Amino acid sequence: MRRPSDLDALQQMLCAALGSAEPVAPLARLDQDTPAFATLDPAVLQRPTLIGGGSLYSPTSPVPAPHALAELARRADALDVRQILVPGVRRGDDTGALRSAGLAPVPADPECVVRLTGEVDDVLRTRVGADRLRDVRRRHHAVSQEATWERIRLRDLDGKPWAREAFADLHRRQAERRRAAEHGREAGSGRVAEHGHEADGRCERDGRREGDGRHHPYSADALDALARGALADRSEMFVRRRGDTVVQAGLTITSHNGRGVYCLTQAIDHEDAAVRDDLYVATLHQLYVDARTSGLEWVHLGRGDAERMRCLGADLFVPVDHWLRAPEATAAEDGRREPELSRFTAPPVTTVPVPGPARFRHQPRFDTVDLTSNTNPFLGPESQYPHLDTAELAHTYLRTISALPGHAGVDALTTDHVLFTSGAVDGVMLLLAALASPGESVCVTPPTFPLYTHFARVLRLPLVEVPLRGEDLSELDTERILAADPRVTILCDPNNPVGTRLDPEEVHALVTGTSGVVVIDEAYVEFSENPSYAALVARHDNLIVLRTLSKAWGLAGARCGVALAQPGVIEALRRLQVPFGFTDASQRAVRARLTDAGPALASIKLIRAERKRLAAALAEHPAVDRVFPSQTNFLLVRLHKHDLVMGRLRDAGIAVADTGHVIPATCRISVGNQRANDALLEALSFAL
């Protein structure tokens, strides 16, 4: 709700709830966003405050223009009110006017949005997993058997006085229950979290003033004001009834762009917290279904704890602050600044900004009328550009890999350490272009992935080759690399095409000894028994780890690579990245695979088992001279009569990678399923 007329209607609703001509009340008596205000000085909490912006009902408030802030200050002076509150401002907005007006931020819970990118159950399966989806469906079915579901347009509320009375009464009783719990926590030795929706920080408030003097936004008078205002045609009440008894009531408002719905509140009549939770979860599922049936694209759940909201399907979390002018408040710093660029950034990159669309990735447009993209509005969602704010997907990725063997410490990384690329090879090109200038060299360690050399030559960067050593081609010549003093050194670990791992001590010596950047391509690390280097990114500003979802995660067609690096490096890469290279379809595929990781992890075990079986069989085969040790999903094999064997395999319709031009007399064999591997062994039997 970003339009001035909408915000005026919400202000009128708040004034009706307060029983006054102006939206003025002490913060301590507003009974709203208690966790955020609890951090303030007691004097600030007790002082009357003029509430501006979108009032406390709005999910977020647009930043008032300087003239509007000046008018707000004049109103406060005329009312002899020392404090001003502009609630729920998105951190991605330009808050310079608020800072200039002397307001300071008070951190609040983020606003939480469920984006409906497909059928509801499919969406929830990719967000919360199959087990949680079954639980949500079970609750929805059980509640639907017990209670009816009805939606009432606020314009029609006069004809249903029972709904108006029940709505106000349910909110009053729910607030009494919550207030009693707050008193219990204050009297106890620690904070006790309530169960279900009341602990989620959502706007479930009661309907009138109580004995403690608090003001409650969802009184019958407030409801009447909403029904008479500009939002009435877009507002609906939803109720559940068990017989003639209303057991739940809430409010939704359709967005002014017609693409989504805000769930402002719901109150539930039940003393049993588990039953309240069942009703809350079931109702959200019903709201998702109704929105999807109506062709809507999102449901806004209000502000709340991100972890709890993830379990309900939310996938967009917009950071929010309340902005307060008070004598005790200090001036705010600019929280919108991007990370400082890495010291390794090439000089030309320091002079260019992140390309326009990506620069605004933290300013969501789901609830605006977006006329910026020059696309065709008549051909469905595919005509929209991909989502650019992938912070929630990055959170999912980090959470998933942190649970993998060999990934201890990854939980120290944040979403600012992550950049999604169009495959890991796109990450190689980006980092070479962003971190190396003409004349600065790139070091590779052959045998290795050939595109490192290809991209270095395309970018006209001098190439230094320092071959791997040892029988298994797994030893770094660290001294020679350091002596060459390259700007960028690229290591492939596990190695492609060999399949072996490097000595971690040699890698650490290189990272700490070089004056340049070390890039470790871990495309195959999930197949390895040795640890990843991902966690070290937080400790070394010259370390970049590249990952991919093409190999172990089975998403080669989705083209998703991941660069893990310190935020200053990620910022440099963003300045060169094509803004829309990571499509919505790819994002959905990645989210689904990461959320339901069981099949992928099980397949890794199968591949390891087949790798062991295939390696043993090849080692005994007369056509094979040697099988190199492997911690990947392929085997490097040295052949007797290499050209003859390769020709016979081609004749048998079996394709393997001929690596003889890199490592004499070798081929690289991907580990297939048992049938494919048996076909290979059978063809080899006829090769000699």
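Here, every reference points to the structure presented above.
Residues numbered from 1 in each chain as written. Predicted model: local features only at pLDDT ≥ 70, side-chain atom pairs only at ≥ 80, totals over all residues. Heavy atoms only, no water.

### Some words on the overall build of the protein chain
In terms of regular secondary structure, the protein chain is built from 23 helices and 21 strands. Along the first, second and third principal axes, the C-alpha atoms of the protein chain reach 90 × 55 × 55 Å. Across the 688 residues that make up the protein chain, the buried fraction comes to 55%. A fraction of 74% describes how many contacts in the protein chain between residues 6 or more apart in sequence connect residues 24 or more apart. Looking at the protein chain as shown, the accessible area adds up to about 29000 Å², and 51% of this sits on carbon and sulfur atoms. Within the protein chain, the 91 negative side-chain charges are centred at a point lying 2 Å from the centre of the 81 positive side-chain charges. (Helix = DSSP H or I, 4+ residues; strand = E, 2+ residues; numbered from the N terminus. Buried < 20%, exposed > 50% of the residue type's maximum accessible area, 1.4 Å probe, protein only. Contact = heavy atoms within 4.5 Å. Areas by Shrake-Rupley, 256 points an atom, 1.4 Å probe, with all protein chains shown as cover. Lys, Arg positive; Asp, Glu negative; His and termini not counted. Charge placed at Lys NZ, Arg CZ, Asp CG, Glu CD.)

### Quick notes on the sheet that holds strand β19 (residues 634-639)
Read from one edge of the open sheet, four strands run β18-β19-β21-β20, paired in antiparallel fashion. For this open sheet the edge positions go to β18 (624-627) and β20 (657-658), each flanked by a neighbour on one side alone. Across three bridges, β18 lies against β19 in antiparallel orientation. By the bridge assignment for β19, R626 is matched with R638. The strands touched by helix α21 (residues 598-619) are β18, β19 and β21 (666-670); relative to β19, the strand with the most contacts, the crossing angle is about 5°. (Pairing = 2+ DSSP bridges. Axes fitted to C-alpha atoms, helices over the stretch in contact; angles between N-to-C directions.)

### Concerning the nonpolar core
Ranked by internal contacts, the top residues of the largest apolar core, which has 50 residues, are L27, L40, Y57, M237, L251 and L324. In terms of residue count, helix α1 (residues 4-18) provides more of this core than any other element does, six residues in total. Aside from chain neighbours lying at most four places away, what touches M237 is E150, R151, I152, L154, L157, A163, F167, L223, G250 and L251. V410, L476, I481 and L502 belong to the second largest nonpolar core, which has 46 residues in total. (Core = buried A, V, L, I, M, F, W, Y, C linked by side-chain atoms within 4.5 Å.)

### As for the sheet that holds strand β14 (residues 488-492)
A sheet is described by the order of its strands in space; here seven strands give the open sequence β11-β17-β16-β15-β14-β12-β13, paired in mixed fashion. Every interior strand has two partners, whereas the edge strands, β11 (418-421) and β13 (463-465), have only one. Across the sheet, the mean angle separating the axes of adjacent strands is 20° when strand polarity is ignored. Pairing of strand β15 (residues 517-521) with strand β16 (residues 543-548) involves four bridges; the strand directions are parallel. What sits directly across from D521, in β16, is L546. Contacting β11, β16 and β17 (561-564), helix α14 (residues 391-402) crosses the sheet at an angle of about 105° to β11. The sheet contacts of helix α19 (residues 567-574) involve β11, β16 and β17, and relative to β11 the element is tilted by about 30°.

### With respect to the environment of A433
Counting through the fold element by element, A433 comes out in helix α15 (residues 424-435). On the basis of relative accessibility, which here comes to 29%, the residue A433 falls in the partly exposed class. Separated by 359 residues in sequence, A433 and R74 place their C-alpha atoms 53 Å apart. With sequence-adjacent residues up to four places away left out, A433 is seen in contact with A346, V349, L459 and L576.

### Some words on the pattern of salt bridges
Enumeration over the complete set of coordinates arrives at 47 salt bridges. The shortest N-O distance in the salt bridge between D122 and R125 comes to 3.0 Å. With D122 and R125 both in helix α6 (residues 120-128) and three residues apart, the pair spans about one turn of that helix. Under the relative-accessibility criterion, D122 is labelled partly exposed at 41%. Classification of R125 as partly exposed rests on a relative accessible area of 36%. One salt bridge in this structure joins D135 and R132, with 2.9 Å as the shortest N-O distance. (Salt bridge = Lys/Arg side-chain N within 4 Å of Asp/Glu carboxyl O.)

### A short note on the side chain of T396
Note that T396 resides in helix α14. Residue classification places T396 among the buried positions, given a relative accessible area of 4%. Ignoring sequence-local partners within four residues, the contact set of T396 consists of L594 and T595.

### Points about the packing of α15 against α19
α19 packs onto α15 with a crossing angle of 100° between their chain directions and a minimal axis gap of 9 Å. One element, α15, and the other, α19, form an angle in the roughly perpendicular class. Where α15 approaches α19, its residues L430, L431, A434 and L435 are matched on the opposing element by V569, A572 and L573. (Parallel < 35°, antiparallel > 145°, perpendicular 65-115°, else oblique.)

### Quick word on the packing of α1 against helix α9 (residues 220-228)
It is the contact of α1 with α9, at a shortest axis distance of 7 Å, that shows an interaxial angle of 155°. Of the possible angle classes, the one that applies to α1 and α9 is roughly antiparallel. Crossing of α1 against α9: the hand is right-handed. Here Q12, M13, A16 and A17 of α1 come into contact with α9, specifically with D221, A222, A225 and L226. Per-class residue counts for the contact of α1 with α9 are six nonpolar, one polar and one charged. (Left-handed = near helix turned anticlockwise from the far one by under 90°. Nonpolar A, V, L, I, M, F, W, Y, C, P; charged D, E, K, R; others polar.)

### Details of the packing of aromatic side chains
What the rule picks out here adds up to nine aromatic pairs. Look at W149 and F238: their rings are 5.4 Å apart centre to centre, the planes differ by 25°, and that puts the pair in the stacked class. On the criterion of sequence distance, the pair formed by W149 in strand β5 (residues 148-153) and F238 in strand β6 (residues 235-242) is long-range, its members being 89 residues apart. Taking 6.0 Å as the distance between ring centres and 80° as the angle between the ring planes, the aromatic pair formed by F167 and Y218 counts as edge-to-face. Of this pair, F167 sits in helix α8 (residues 161-187) while Y218 is found in the loop between α8 and α9, placing the two residues 51 residues apart along the sequence. As far as the burial class goes, F167 and Y218 line up, both buried. Put simply, the rings of Y57, F167 and Y218 pair up and form one aromatic cluster. In this structure, R241 is placed above the aromatic ring of W162, and the distance from its NZ or CZ to the ring centre is 4.1 Å. (Phe/Tyr/Trp six-rings, centres within 6.5 Å; stacked < 30°, edge-to-face > 60°. Lys NZ or Arg CZ within 6 Å of the ring centre and 35° of its normal.)

### Some thoughts on unusual backbone geometry
In this structure, the amide linkage connecting P446 to the following residue, P447, adopts the cis form with an omega of 0°. Here P447 is to be found in the loop between β12 (442-444) and α16 (451-458). The step from D493 to P494 runs through a cis peptide bond, and the omega angle for that step is 5°. When you line up the elements, P494 lands in the loop between β14 and α18 (504-513). Phi is positive for N374, close to 60°, though the residue is something other than glycine. Turning to its location among the elements, N374 is positioned in the loop between α13 (356-359) and α14.

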